[in-house]
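The lines below spell out each chain.
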Amino acid sequence: MRILIATVQIPFVSGGAEAHAEGLKSALIAAGHEADIVAVPFNPAVPERIPDQMLACRLLDLTEIHGARVDRLIALKFPAYLIPHPNKVVWVLHQHRAAYDLWDYPFEDLSASPRGVLVREAIRRADQQLAEAKAVFANSKNIANRLGHFCGINSVPLYHPPPNAGNFFCAHETGEYFFFPSRFSATKRQSLVLEALALTRKKVKVRFAGLADSPEYGKRLKLLAAKLGVEAIAVIFPPVDEDYGYITLEAMLSSKAVITCEDSGGPLEFVSHLKTGLVAKPTAAALAEALDQLWQERDLAAKYGCAGRARYEQMGLSWSEVVRQLLA
Amino acid sequence: MKINLFSPLPPTRSEIARQTTNLLPLLARKAEVIVWSSKKQWHPEAGTHATVRHYEAAHPPWREISDADVTFYQTGNDPRYHHAIWRISQQHPGIVILHDLKLQHFFSGLVFHELGLNRRQYLELVERHHGAKGRVLAESHLRGLLGTEELAEQCPLTGGVTENALAVVVHSAAAYHSIPEETPVAYLPLGVGAAPRTQETPPGSSRSSTEVYQISVFGFLGPNRRLPVLLRTLSNFPQRDRFRLDIYGTIEGEDKIHQLVARLGLNDLVTMHGFVAEDRLDEALRRTDLVVNMRYPSMGEASASQLHLWQYALPALVTRTAWYETLPENTVAFVRPEHEAEDIQAHLTSFLDEPEKYRELGRNGRRHVSENHSIEDYANSLLEVAERVPEFQTRWIARDLARRAGTAMNAWSDSSTIDAFLPRVAQEIAMLVAGNPSTSTGLAKSG
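Residues numbered from 1 in each chain as written. Chains lettered and ligands numbered in written order. Predicted model: local features only at pLDDT ≥ 70, side-chain atom pairs only at ≥ 80, totals over all residues.

K.L.:
Honestly, the overall build of chain A in this entry has me stumped. Any pointers?
P.N.:
Assigned secondary structure in chain A consists of 10 helices and 12 strands. Principal-axis analysis of the C-alpha atoms gives chain A an extent of 65 × 50 × 30 Å. Buried residues in chain A amount to 49% of all 328 residues. Long-range pairs, those at least 24 residues apart, make up 67% of the contacts in chain A with a sequence separation of at least 6. (Helix = DSSP H or I, 4+ residues; strand = E, 2+ residues; numbered from the N terminus. Buried ≥ 20, exposed ≤ 12 C-beta atoms within 10 Å, placed from the backbone. Contact = placed C-beta atoms within 7 Å.)

Written as structure tokens, this is what we have:
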């Protein structure tokens, strides 16, 4: 089949979504299909212009390229999933969350915009067009639940392996730190981990890895770290209602326990409390307690890590299964 | 339902402020109401039924404003009371309640009082709504060569407050038909608060033999309230000593009116009280036999003060124009705009001959208000309009997208390509805003 993957590209931002599209493209090619990615530029910085970008997507015609039919369009993200196609399958990575669950979230711009309500309503109405797709999949149960809750759209959760899944392993030696690899963003809540570190009884170390969404947020974290006297930048994965979260799966592949929070969304679909990690209340104090516990009980952490790896294997995540379902 | 209501509040000297105060307890029965005030102080009564919040027009708290399901804007012609409301309404589309159709007083007032609209912006606004000819007239107005009323007749500039609205609420059939087709509009008869306690017959009936009758004029008294013609007519009226004229309210050009009263030798008959508090006005209306409530030209909407005076069962002389023209013949005494002096004289003569006939007009008027202008019905209708916000939003979003797409396509400067592409653009806009893929977007004016 000739397949196009439709997604969006926010200039200068690269993360899980881009890896996701590339992973899908590789899997489709590996399965013998001709596949390519169409990334529509998307700039959410000026909320009033978001409907223009939705309309631009609706006006794209990808049914045929150079005289050859496009057999299937697999659309991943808002507003690219609005591109019409007679054989469209949508695999929703996430909707424009500022119009839904993050409407009241203090770091989101939409509700602070004078026309935010109208833009929100435009997005919500347009998202109803998801129903025109031949099938709607969601990146996780969490996203499927949101689609059902906010839009009344039924979708099937479809998990996939993280990028480079085969490269993860558990080193023989355990380092003296927790690891928190993620984009630096308010929704990933590095700040909560920093506040928790200030409350730990043990001399817990966390290594953070990632790029900041905005230089301001990066600066804020550094200032906060300096203020709290944290010696190293560090670990774990306690985001706000994450869509999916490769980090959880990567930790499981690496046989590492995961510390997450009760409101972290996607990670909760994979982390079992007291089995493959710890699920804490989303407060600095509760998080500090979890950090202290695993810092002190290394064997328990290792046990959770092994159990996480076993759970990953049991889930049978594979790109071939993803391809089978998307092309069914 | 959570409602934002941007409105002047007492002690602001405005009928709209009074109407808002009367509305609040009724709206609050069925909705959570936040009243937004650009003034830092307001009469405590306003806060009895609603949360009252102050806002700075330059830095509005958008997150809080966006938290409501619907936003109403009370708009009127006084730039002092409505400039901040207009500014917010231009940024955050909501439901505009129109209390005047001809809004030149408001817009040129923004320029003259330096309330956030400069001359260039004003002229651009006039040109957008009334073309190059309108701009020329507006330039004449700014130079002092053309009066506001005359300009308003040709360039009412209603679109300046309605162009960005989700929907418009009007209070007269004429206003309803004057709103452009693309804007949803609801016609609700203006509601007034509880009627004052009045005697079954007005005070004058018991003292008709005292030979002297009380005429009152009240409200904001601009040139269209016809004070000079009234004064001249009274001065020329042979039995003028049978009347006393009391004028309540702020008079535009007060000095000239004072001079005219003196020149006409009416000092013994005419008293100008200026703005008076509500209780004093109430007392004055109870002592009144006849009200002169003329407006020419009319600013085009239903008159809250007419409804107010009817509540006292008072007869009134009104100009046969605009909303007044639609009033039942048995509720008011009409004055033809082109025969003002003649008609006023005729009415004064007739009043002296048959005062009871005029009292009957007042009683009919009071009945008309109670049957057609209940504030309870008005509040309920506003809530029904609020329920329709999703429909209005759909229409607004579609219109806005069409406008933006049109602007983008204009740059192509190839009409045949644009014409070929337009149906597709229209279809996709319809798809986007439809919500449910199977629903259509057809919307019409509603009564």
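K.L.:
Looking at this structure, how should I read the domain arrangement of chain B?
P.N.:
Quoted interface sizes are often the accessible area lost when the parts come together. Residues and elements named next belong to chain B. Parsing chain B into structural domains produces domain 1 (2-187) and domain 2 (203-373). Placing the centre of domain 1 and that of domain 2 at their C-alpha centroids yields a distance of 28 Å. Taken together, the 19 residues of domain 1 in the interface contact 13 residues of domain 2. Broken down by secondary-structure element, the contributors of at least two residues to the side of domain 1 that touches domain 2 are helix 1 (15-28), helix 7 (148-154) and helix 9 (173-178). Class assignment of the residues belonging to the side of domain 1 that touches domain 2 gives a composition of 8 nonpolar, 5 polar and 6 charged. (Domains from an automatic or database assignment. Nonpolar A, V, L, I, M, F, W, Y, C, P; charged D, E, K, R; others polar.)

K.L.:
Hey, could you run me through the domain arrangement of chain A in this one?
P.N.:
All names here are of chain A. Along its sequence, chain A is organised into domain 1 (2-158) and domain 2 (165-315). Centre-to-centre separation of domain 1 and domain 2, based on C-alpha positions: 28 Å. In this complex, domain 1 contributes 11 residues to the contact, which on the side of domain 2 involves 9 residues. Broken down by secondary-structure element, the contributors of at least two residues to the side of domain 1 that touches domain 2 are strand 6 (88-94) and helix 4 (141-151). Looking at which element gives the most residues to the side of domain 1 that touches domain 2, the answer is helix 4, with 3 residues. A breakdown of the residues in the side of domain 1 that touches domain 2 according to their chemical character gives 3 nonpolar, 6 polar and 2 charged.

K.L.:
When you look at helix 7 (residues 246-253) of chain A in this model, what are you seeing that I'm missing?
P.N.:
For an α-helix the count is 3.6 residues per turn, leaving residues at separations of three or four pointing the same way. Residue and element names in this part refer to chain A. Where burial is concerned, most of helix 7 is hidden: 8 out of the 8 residues are buried. Looking at helix 7, one finds that the buried residues are Tyr246, Ile247, Thr248, Leu249, Glu250, Ala251, Met252 and Leu253. Considering only its buried residues, helix 7 is in contact with helix 1 (16-30), strand 9 (178-181), strand 11 (258-261) and helix 9 (298-315). Immediately beyond the C-terminal end of helix 7, within one or two residues, lies serine 255, with a positive phi of roughly 60°.

K.L.:
Help me understand the sheet that holds strand 4 (residues 70-75) of chain B, please; the structure alone is not making it clear to me.
P.N.:
Whenever strands of a sheet pair, they do so through backbone hydrogen bonds, lying parallel or antiparallel. Residue and element names in this part refer to chain B. Strand order across the open sheet formed by 7 strands is 3-2-1-4-5-6-7, with parallel pairing between neighbours. Both edges of this open sheet fall to strand 3 (51-54) and strand 7 (185-187), since each of them pairs with a single strand only. For this sheet, the mean inter-axis angle between neighbouring strands, taken without regard to orientation, is 25°. Where strand 6 (residues 167-170) lies against strand 7, 3 bridges are found, and the strand directions are parallel. (Pairing = 2+ DSSP bridges. Axes fitted to C-alpha atoms, helices over the stretch in contact; angles between N-to-C directions.)

K.L.:
I would appreciate a short explanation of the interface of chain A and chain B in the present structure.
P.N.:
Taken residue by residue, the interface counts 22 residues in chain A and 24 residues in chain B. Every element with two or more residues in the side of chain A that touches chain B is listed here: helix 2 (50-58) and helix 3 (116-127) of chain A. It is helix 3 of chain A that contributes the most residues to the side of chain A that touches chain B, 7 residues altogether. Residues of the side of chain A that touches chain B, tallied by class, amount to 11 nonpolar, 5 polar and 6 charged.

K.L.:
I keep staring at the sheet that holds strand 2 (residues 34-41) of chain A and nothing clicks. Help me out?
P.N.:
All names here are of chain A. Spatially, the 6 strands line up as an open sheet ordered 2-1-5-6-7-8, and their pairing is parallel. Unpaired on one side and paired on the other, strand 2 and strand 8 (156-157) mark the two borders of the sheet. Note: strand 7 (residues 135-138) against strand 8, 2 bridges, orientation parallel. Note on strand 8: the bridge partner recorded for phenylalanine 137 is valine 156.

K.L.:
Teacher, can you tell me more about the nonpolar core here?
P.N.:
Proteins that are soluble and globular tend to have nonpolar side chains buried together. Counting 174 residues, the largest nonpolar core has Tyr81(A), Val90(A) and Ile95(B) as its most contacted members. With 7 residues, the single largest contributor to this core is helix 18 (residues 389-410) of chain B. Aside from chain neighbours lying at most four places away, what touches Ile95(B) is Val70(B), Thr71(B), Phe72(B), Ala165(B), Leu166(B), Ala167(B), Val169(B) and Val385(B). With 39 residues, the next largest nonpolar core counts Phe178(A), Val193(A), Ala196(A) and Leu249(A) among its residues. (Core = buried A, V, L, I, M, F, W, Y, C linked by C-beta atoms within 7 Å.)

K.L.:
So what exactly am I meant to see when it comes to the packing of helix 1 of chain A against helix 10 (residues 319-326) of chain A here?
P.N.:
Describing two packed helices takes the angle between their axes plus the distance from one axis to the other. Residue and element names in this part refer to chain A. At a minimum axis separation of 9 Å, helix 1 and helix 10 run at an interaxial angle of 80°. Relative to helix 10, helix 1 is oriented roughly perpendicular. Contact residues: Gly23, Leu24, Ala27 and Leu28 in helix 1; Trp319, Ser320, Val322 and Val323 in helix 10. Taken together, the residues that form the contact of helix 1 with helix 10 break down as 6 nonpolar, 2 polar and no charged. (Parallel < 35°, antiparallel > 145°, perpendicular 65-115°, else oblique.)

K.L.:
Would you take a moment to explain the packing of helix 3 of chain A against helix 18 of chain B for this structure?
P.N.:
Contact geometry of helix 3 of chain A with helix 18 of chain B gives a least axis separation of 10 Å together with a crossing angle of 90°. Regarding the angle of helix 3 of chain A to helix 18 of chain B, the classification is roughly perpendicular. Contacts from Leu118(A), Glu121(A), Ala122(A) and Arg125(A) of helix 3 of chain A reach helix 18 of chain B at Gln393(B), Thr394(B), Trp396(B) and Ile397(B). Of the residues belonging to the contact of helix 3 of chain A with helix 18 of chain B, the class tally is 4 nonpolar, 2 polar and 2 charged.

K.L.:
Would you mind going over unusual backbone geometry with me for this structure?
P.N.:
In most cases, non-glycine residues show a negative phi, while peptide bonds are predominantly trans. The step from Phe78(A) to Pro79(A) runs through a cis peptide bond, and the omega angle for that step is -5°. Positionally, Pro79(A) belongs in the loop between strand 5 (72-77) and strand 6. Geometrically, the link from Pro10(B) to Pro11(B) is a cis peptide bond, its omega value of 15° lying close to zero. Take Pro11(B): it is sitting in the loop between strand 1 (2-6) and helix 1. Here the phi dihedral of Phe12(A) falls at roughly 70°; this positive angle occurs in a residue that is not glycine. Structurally, Phe12(A) is set in the loop between strand 1 (2-9) and helix 1.

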